[in-house]
Amino acid sequence: NIILKALGSEIYIFGGDTQNPTDKSIKIMNDLHVLDTATLRWHKVTTENAPPPRRNHSATIVGELMFVFGGFDGNNRLADIHVLDTGTNLIELL
């Protein structure tokens, strides 16, 4: 589970999970990656105050702001909202 959102020529991917092929354990992530579709290059966004790892969340982009809502952290359902300013890469909890 990952969230893909487009902003201009960039596609943002936040969170999700991955499964270890050896022991089948699941790791829930809070990574933020961006694909520049003009150059087809990926980069990982480093930011302070990253939301806790989550999957099954939703996100939308309004202007230059990406809103991430809720999800599941592996134990609990989440109902928080985090806002990423894609211009400054700053994240804040609403």
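Residues numbered from 1 in each chain as written. Predicted model: local features only at pLDDT ≥ 70, side-chain atom pairs only at ≥ 80, totals over all residues. Heavy atoms only, no water.

Helix and strand counts for the protein chain stand at zero helices and eight strands. By the compact-globule yardstick of 12 Å for 94 residues, the protein chain fits well, its C-alpha radius of gyration being 13 Å. Its C-alpha atoms give the protein chain principal-axis dimensions of about 40 × 30 × 20 Å. Within the protein chain, the fraction of its 94 residues that count as buried is 30%. Looking at the protein chain alone, contacts between residues at least 24 apart form 35% of all its contacts between residues at least 6 apart. Carbon together with sulfur atoms contributes 52% to the accessible area of the protein chain, which is approximately 6000 Å² in total. On the protein chain, the mean spot of the 8 positive side-chain charges and the mean spot of the 11 negative ones are 9 Å from each other. (Helix = DSSP H or I, 4+ residues; strand = E, 2+ residues; numbered from the N terminus. Rg over C-alpha atoms; globule rule 2.2 N^0.38 Å. Buried < 20%, exposed > 50% of the residue type's maximum accessible area, 1.4 Å probe, protein only. Contact = heavy atoms within 4.5 Å. Areas by Shrake-Rupley, 256 points an atom, 1.4 Å probe, with all protein chains shown as cover. Lys, Arg positive; Asp, Glu negative; His and termini not counted. Charge placed at Lys NZ, Arg CZ, Asp CG, Glu CD.)

Residue position: N76 is located in the loop between strand 6 (65–72) and strand 7 (77–85). On the accessibility criterion, N76 (45% relative accessible area) is partly exposed. Sequence separation of N76 and R54 is 22 residues, and the distance between their C-alpha atoms is 9.7 Å.

Turning our attention to the pattern of salt bridges. Evaluation of the coordinates by the stated rule reveals three salt bridges. One salt bridge in this structure joins K44 and D31, with 3.9 Å as the shortest N-O distance. Here the residue K44 occupies a position in strand 4 (residues 41–44), and D31 occupies one in strand 3 (residues 26–36), the gap between them amounting to 13 residues. By relative accessible area, D31 is classed as partly exposed at 25%. (Salt bridge = Lys/Arg side-chain N within 4 Å of Asp/Glu carboxyl O.)

With that settled, the discussion passes to unusual backbone geometry. Positive phi outside glycine occurs at K24, with the angle close to 65°. Position of K24 among the secondary structure elements: in the loop between strand 2 (10–19) and strand 3. Its relative accessible area of 53% is what places K24 among the exposed residues. Unusually for a residue other than glycine, N56 sits at a positive phi of about 60°.

Positionally, D80 belongs in strand 7. Here R54 takes part through its side chain, which lies 2.7 Å from a polar atom of the side chain of D80. Looking at D80, its side chain comes within polar contact range of the side chain of H82, at 2.9 Å. Not counting residues up to four positions away in its chain, the partners in contact with D80 are R54, V68, F69, G70 and L93. (Polar contact = N/O pair within 3.5 Å; in protein donor to acceptor, adjacent residues only side chain to side chain.)

Further remarks concern the pairing of strand 2. Looking at chain direction, strand 2 and strand 3 are connected through nine bridges and run antiparallel. In the sheet register, D17 faces strand 3, and the bridge partner there is I28. Two successive antiparallel strands, strand 2 and strand 3, enclose a turn made up of six residues, where K24 displays a positive phi of approximately 65°. (Pairing = 2+ DSSP bridges.)

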